[in-house]
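This is what each chain is made of:
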Amino acid sequence: MNKFNPKKLLHSKWTAVKPQNKEKHFMVTEVEFDEEGNVVHCLIQAVMTRNEASIDWTELKDTSLWLQGWK
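Residues numbered from 1 in each chain as written. Predicted model: local features only at pLDDT ≥ 70, side-chain atom pairs only at ≥ 80, totals over all residues. Heavy atoms only, no water.

Student: Mind showing me how you'd approach the overall build of the protein here?
Tutor: Helix and strand counts for the protein come out as zero helices and five strands. Reading the protein from its N end, one meets helices and strands in the order β-β-β-β-β. Against the globule reference of 11 Å for 71 residues, the protein gives a C-alpha radius of gyration of 12 Å, in line with a compact fold. Counting only C-alpha atoms and orienting by the principal axes, one finds that the protein spans roughly 35 × 25 × 15 Å. Here the protein, with 71 residues, has 30% of them falling under the buried criterion. Pairs at least 24 residues apart make up 42% of the contacts formed inside the protein by residues separated by at least 6 positions. Counting only carbon and sulfur atoms, one obtains 50% of the accessible surface of the protein, whose full area is about 5000 Å². Each charge sign in the protein was given a centre, from 10 positive and 10 negative side chains, and these centres are 14 Å apart. (Helix = DSSP H or I, 4+ residues; strand = E, 2+ residues; numbered from the N terminus. Rg over C-alpha atoms; globule rule 2.2 N^0.38 Å. Buried < 20%, exposed > 50% of the residue type's maximum accessible area, 1.4 Å probe, protein only. Contact = heavy atoms within 4.5 Å. Areas by Shrake-Rupley, 256 points an atom, 1.4 Å probe, with all protein chains shown as cover. Lys, Arg positive; Asp, Glu negative; His and termini not counted. Charge placed at Lys NZ, Arg CZ, Asp CG, Glu CD.)

Student: Could you clarify how one ought to interpret the packing of aromatic side chains in this entry?
Tutor: Two numbers describe a pair of aromatic rings. These are the distance of the centres and the angle of the planes. Throughout the structure, instances matching the rule amount to three aromatic pairs. Look at Phe-4 and Trp-14: their rings are 5.2 Å apart centre to centre, the planes differ by 65°, and that puts the pair in the edge-to-face class. Note that Phe-4 is positioned in the segment before strand 1 (13–20) and Trp-14 in strand 1, a separation of ten residues in sequence. Among the residues examined, Trp-14 registers a relative accessible area of 1% and is labelled buried. (Phe/Tyr/Trp six-rings, centres within 6.5 Å; stacked < 30°, edge-to-face > 60°.)

Below, the structure written as structure tokens:
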């Protein structure tokens, strides 16, 4: 399990364990919080293609899907 603080999500780098469409490396480009400090929206962007996708930020904790940093 990847452990990290949600407040440090913005501009963090991630590697997809099972890349699709040659998209392996990603960066978190947008994070929105509610009044209580909970993440309500997280947007990741593929480094090579610049494709963006909304993601449930808790998926980033799953090491079978994501590795922290660019590997």
